[in-house]
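Here's the letter readout for the chains.
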Amino acid sequence: MATIGDVARVAGVSRSTVSYALSGKRAISQDTRERIERAIRELDFTPNAGARALATSQTMVIGLLVQFFHDEFSPAMLQYVLPISDAAREEGYDVLMVTEDDGPHALRRITESDMVDGVVLLNVAHDDPRVAPLRAARQPGALVGLPKDTDGLDVFDLDFGEAARMLVDHLHDRGHREIVLISPNEHVITRGGAYAWRFRDAAMERAARYGLRIYPYWGETEQPAITQSLNAILDERPSATALIVHNDAVIAGLPSVLNARNVHVPDDLSVVGIYSEDFGRLFSLPYTAIETSPDKLGRAAVQALVRRMQDPERAGAPVVRFIAPELTDRGSTR
């Protein structure tokens, strides 16, 4: 295994110069830095993480706090983990994923013990109990999801209200007058999943503005309840000509239900949803949909966090940024 001395020898510099190049504690010339980087690649040298942490007070690790709930569709949440990991690796950071049920305790544990340089929170609730200990931590944080109180936080989320309005507009423009709306499970609302009611409320308000009838339902997250509830809803609303689905588990199970009922999209029923392109590809979903942009959100959160970790003065004031929704028309409406 190559050592820092080997890197210094191949690069033709002192050990201390290599150390300065790795830690960033002192400025070195571009030519010297390039020689050191070539030597590191040639020798496949990996700095000792413990030694680096002692020398620089940096772990080069980002904590990722994820909450998995039994009534949410795990494949949908996992879409956010990969882009966050990829973005962190591109910036030179590893990711420590923490999934403890007691999120506040987990956050205090990894920050007070200096296990990480910064934290990303996923699946953020309206009154998220992890926000207060994050504000109290020495390390900065970034959130994917909108809490009630955003003061002092970098927050990134999809504009769910605008996403709902775009889908209702899309159906209204095509002459639909009766629409079924399937939302996330009611438990998501109970525990503060603001994205669910932001979408639902905006859809209801837009439909009322147009004088449309919209029938809201809570969706299920597991089989056979998904199939049973979908059949019950479709039986109850035979006059509805369009379906808006804001529920990943339901939209994934919808094609098989419609096929069993011999319902053809869009001839018999128009369908729109909100999910990522990758999710749609995974479940072969042919529906017009709003892109949820997990890649954009995850990367934006990591990049903002890295700027704040590396140069807090130049990072500027915290931001709350909504990703603009994009609609992809896949021909599932008429």
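Read on for an overview of the structure. These numbers were taken from a predicted model, which means no experiment stands behind them. (Residues numbered from 1 in each chain as written. Predicted model: local features only at pLDDT ≥ 70, side-chain atom pairs only at ≥ 80, totals over all residues. Heavy atoms only, no water.)

Digging into the side chain of glutamate 291
Turning to its location among the elements, glutamate 291 is positioned in strand β10 (residues 288–291). Of the side chains with opposite charge, arginine 330 comes closest to the buried, unpaired glutamate 291, at an N-O distance of 5.6 Å. At 2.8 Å, the side chain of glutamate 291 and the backbone nitrogen of glutamate 277 are in polar contact. Residue contacts for glutamate 291: discarding those within four places in its chain leaves Leu158, Tyr275, Ser276, Glu277 and Glu326. (Helix = DSSP H or I, 4+ residues; strand = E, 2+ residues; numbered from the N terminus. Buried < 20%, exposed > 50% of the residue type's maximum accessible area, 1.4 Å probe, protein only. Lys, Arg positive; Asp, Glu negative; His and termini not counted. Salt bridge = Lys/Arg side-chain N within 4 Å of Asp/Glu carboxyl O. Polar contact = N/O pair within 3.5 Å; in protein donor to acceptor, adjacent residues only side chain to side chain. Contact = heavy atoms within 4.5 Å.)

A look at the environment of arginine 299
Secondary-structure assignment places arginine 299 in helix α14 (residues 294–310). Between the C-alpha atoms of arginine 299 and tyrosine 80, which are 219 residues apart in sequence, the distance is 9.3 Å. When neighbours within four sequence positions are excluded, arginine 299 is seen to be in contact with Pro83, Asp86, Ala87 and Glu90.

Some thoughts on helix α5 (residues 74–90)
Here α5 contains 17 residues, and its C-alpha end-to-end distance of 25 Å stays within 8% of the 24 Å for a straight helix at 1.5 Å per residue. Taken as a whole, α5 has its buried residues at Ala76, Met77, Gln79, Tyr80, Val81, Pro83, Ile84, Ser85, Asp86, Ala87 and Ala88. One or two positions beyond α5, positive phi appears at glycine 92, with a value near 90°. (Expected span 1.5 Å × (residues − 1).)

What about the packing of aromatic side chains?
The tally for this structure, following the rule as stated, stands at 3 aromatic pairs. Here tyrosine 275 and phenylalanine 279 contribute two aromatic rings whose centre-to-centre distance is 6.2 Å and whose plane-to-plane angle is 45°, an arrangement assigned as tilted. Summarising the aromatic geometry, the rings of phenylalanine 279 and phenylalanine 283 are spaced 4.8 Å apart at their centres and angled 45° between planes, so their arrangement reads as tilted. Judged by relative accessible area, phenylalanine 283 falls into the partly exposed class, the value being 27%. One aromatic cluster is present, formed by Tyr275, Phe279 and Phe283 through successive ring pairs. Over the aromatic face of tryptophan 218 sits the side chain of arginine 200, whose NZ or CZ is 4.0 Å from the ring centroid. The ring of tyrosine 215 has arginine 237 sitting right over it, with the charged end atom 3.9 Å from the ring centre. (Phe/Tyr/Trp six-rings, centres within 6.5 Å; stacked < 30°, edge-to-face > 60°. Lys NZ or Arg CZ within 6 Å of the ring centre and 35° of its normal.)

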